[in-house]
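Given next are the chains, with one letter for each unit.
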Amino acid sequence: MADIKLTLVVACALVDVDKRVLIAQRPEGKALAGLWEFPGGKVEPGERPEQTLIRELHEEIGIDVSEPCLAPLTFASYAYDNFHLLMPFYICRRWEGLVVAREGQQLAWVRANKLRDYPMPPADIPLIPHLIDLLM
């Protein structure tokens, strides 16, 4: 059996006061460009998933999140062609600062039951029913 590279990525559903979820469109030049995803990123060596989310949310959208405000919701496990993605998925309802697209990406606040209207990477799609159950 071939060695499959396991990639650990963490993502977060930011939920605003109107129970909408933030998604970001992957910019041109990146893998899966044009698809919409939940904010987050790759866990670096020596980093815990929560630390990664705090760092990525600050870098990508300019907000500050404290670790107690990150609640684990579920996870995704998906076999892409050249690696296997394992993605813990958190929910966050409280943060400091205003959400701003810092990396040129498009952002959208979307109701959970409308998330399927946005094309998403295959690993993100199974997360949608969990958000619908929680927020609708």
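Everything numeric in this text was worked out from a predicted model, so none of it was measured.

The rules we used
- Residues numbered from 1 in each chain as written.
- Predicted model: local features only at pLDDT ≥ 70, side-chain atom pairs only at ≥ 80, totals over all residues.
- Heavy atoms only, no water.
- Core = buried A, V, L, I, M, F, W, Y, C linked by side-chain atoms within 4.5 Å.
- Buried < 20%, exposed > 50% of the residue type's maximum accessible area, 1.4 Å probe, protein only.
- Helix = DSSP H or I, 4+ residues; strand = E, 2+ residues; numbered from the N terminus.
- Contact = heavy atoms within 4.5 Å.
- Pairing = 2+ DSSP bridges.
- Polar contact = N/O pair within 3.5 Å; in protein donor to acceptor, adjacent residues only side chain to side chain.
- Arc of directions from axis to C-beta.
- Salt bridge = Lys/Arg side-chain N within 4 Å of Asp/Glu carboxyl O.

Caption draft 1: Quick look at the nonpolar core. Among the nonpolar cores identified, the biggest contains 24 residues, and Ile23, Phe38, Leu115 and Leu131 are the most heavily contacted of them. Mapped by element, the contributors of at least two residues to this core are strand S1 (6-14), strand S2 (20-25), strand S6 (84-92), strand S7 (107-111) and helix H2 (128-135). For this core, the element with the most residues is S6, which contributes four residues. Setting aside residues no more than four positions away along its own chain, Phe38 makes contact with Ala11, Cys12, Val21, Leu22, Ile23, Phe89, Leu115, Met120, Asp124, Leu127 and Leu131. Ile61, Ile63, Leu70 and Cys92 belong to the second-largest nonpolar core, a separate cluster that totals 13 residues.

Caption draft 2: Local environment of the pairing of S6. Pairing geometry for S1 and S6, over seven bridges, is parallel. When the sheet's bridge partners are listed, Ala13 is paired in S6 with Ile91. Bridge count for strand S5 (residues 70-79) against S6 is nine bridges, and the pairing is antiparallel. In the strand pairing of S6, Ala76 is matched with Met87. Connecting S5 to the next strand, S6, in antiparallel fashion are four residues.

Caption draft 3: Focus on the sheet that holds S2. Spatial ordering of the open sheet is given by S3-S2-S7, a layout of three strands whose pairing is antiparallel. Of all the strands in the sheet, just strand S3 (36-37) and S7 have a single pairing partner and so form its edges.

Caption draft 4: A look at the side chain of Glu47. Among the secondary structure elements, Glu47 is positioned in the loop between strand S4 (40-42) and helix H1 (49-61). Within polar-contact distance, the side chain of Glu47 engages the side chain of Thr52 at 2.7 Å. When near neighbours in sequence (up to four residues on either side) are disregarded, Glu47 contacts Lys42, Thr52 and Arg55.

Caption draft 5: Up close: H2. All of the buried residues along H2 are Ile128, Leu131 and Leu135. Buried residues of H2, viewed axially, fall in a sector of 60°; they line one side. Among the structural elements, S1, S2, S5 and S6 are those in contact with the buried residues of H2.

Caption draft 6: Quick peek at the side chain of Asp16. Relative to the helices and strands, Asp16 is located in the loop between S1 and S2. Polar contacts involving the side chain of Asp16 include one to the main-chain amide nitrogen of Asp18, which spans 3.0 Å. Within the structure, Asp16 has its side chain in polar contact with the side chain of Arg20 (distance 2.7 Å). Discounting residues that sit within four places of it in the chain, Asp16 has contacts with Trp95 and Trp109.

Caption draft 7: Just unusual backbone geometry, in detail. Positive phi outside glycine occurs at Lys19, with the angle close to 65°. Tracing the chain through its elements places Lys19 in the loop between S1 and S2.

Caption draft 8: Spatial organisation of the pattern of salt bridges. The full count for this structure, using the stated rule, is seven salt bridges. Among the ionic pairs, Glu50 bridges to Arg48, the shortest N-O distance being 3.3 Å. Residue Arg48 pairs with Glu67 through a salt bridge whose shortest N-O separation is 3.0 Å. Pair noted here: Arg48 is in the loop between S4 and H1 and Glu67 is in the loop between H1 and S5, with a separation of 19 residues, a long-range link.

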